[in-house]
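One letter stands for each residue in the lines below.
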Amino acid sequence: MKNLRIKIDKLKELLERKLKENDYATNEEIVKISQQLDEYIVIYQKKYQNKKVV
């Protein structure tokens, strides 16, 4: 779970850096990073919800 969180944080940093480099204009690389980030966030949320059963 911690490794997944680290991957999410690194992708967020990479995405932010790429957006700044391109003056916040999107391109194919940024879209791919964003999609991968979305996938990791969904996985993280599913795992977190399973552990948080009350």
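This one's a predicted model, so the numbers in the text were calculated from it and none came from an experiment. (Residues numbered from 1 in each chain as written. Predicted model: local features only at pLDDT ≥ 70, side-chain atom pairs only at ≥ 80, totals over all residues. Heavy atoms only, no water.)

Trainee: Describe unusual backbone geometry, and please don't skip the residues or the numbers.
Mentor: Leave glycine aside and you will find that most residues have negative phi; peptide bonds, for their part, are mostly trans. One non-glycine residue with positive phi stands out, namely aspartate 23, at about 50 degrees. Position of aspartate 23 among the secondary structure elements: in the loop between α1 (2–21) and α2 (28–51). Despite not being glycine, tyrosine 24 has its phi angle at roughly 65 degrees, a positive value. By the secondary structure assignment, tyrosine 24 is in the loop between α1 and α2. (Helix = DSSP H or I, 4+ residues; strand = E, 2+ residues; numbered from the N terminus.)

Trainee: Quick one: what's the story with the packing of α1 against α2, residue by residue and with numbers?
Mentor: Across the interface, α1 lies against α2 with an axial gap of 9 Å and an inter-helix angle of 155 degrees. Between α1 and α2, the interaxial angle falls into the category roughly antiparallel. Seen from above, α1 lies across α2 with left-handed handedness. Here Leu4, Arg5, Lys7, Ile8, Leu11, Lys12, Leu14, Leu15, Lys18 and Leu19 of α1 come into contact with α2, specifically with Glu29, Ile30, Ile33, Ser34, Gln36, Leu37, Tyr40, Ile41, Ile43, Tyr44 and Lys47. Partitioned by chemical class, the residues of the contact of α1 with α2 number 13 nonpolar, two polar and six charged. (Axes fitted to C-alpha atoms, helices over the stretch in contact; angles between N-to-C directions. Parallel < 35°, antiparallel > 145°, perpendicular 65-115°, else oblique. Left-handed = near helix turned anticlockwise from the far one by under 90°. Contact = heavy atoms within 4.5 Å. Nonpolar A, V, L, I, M, F, W, Y, C, P; charged D, E, K, R; others polar.)

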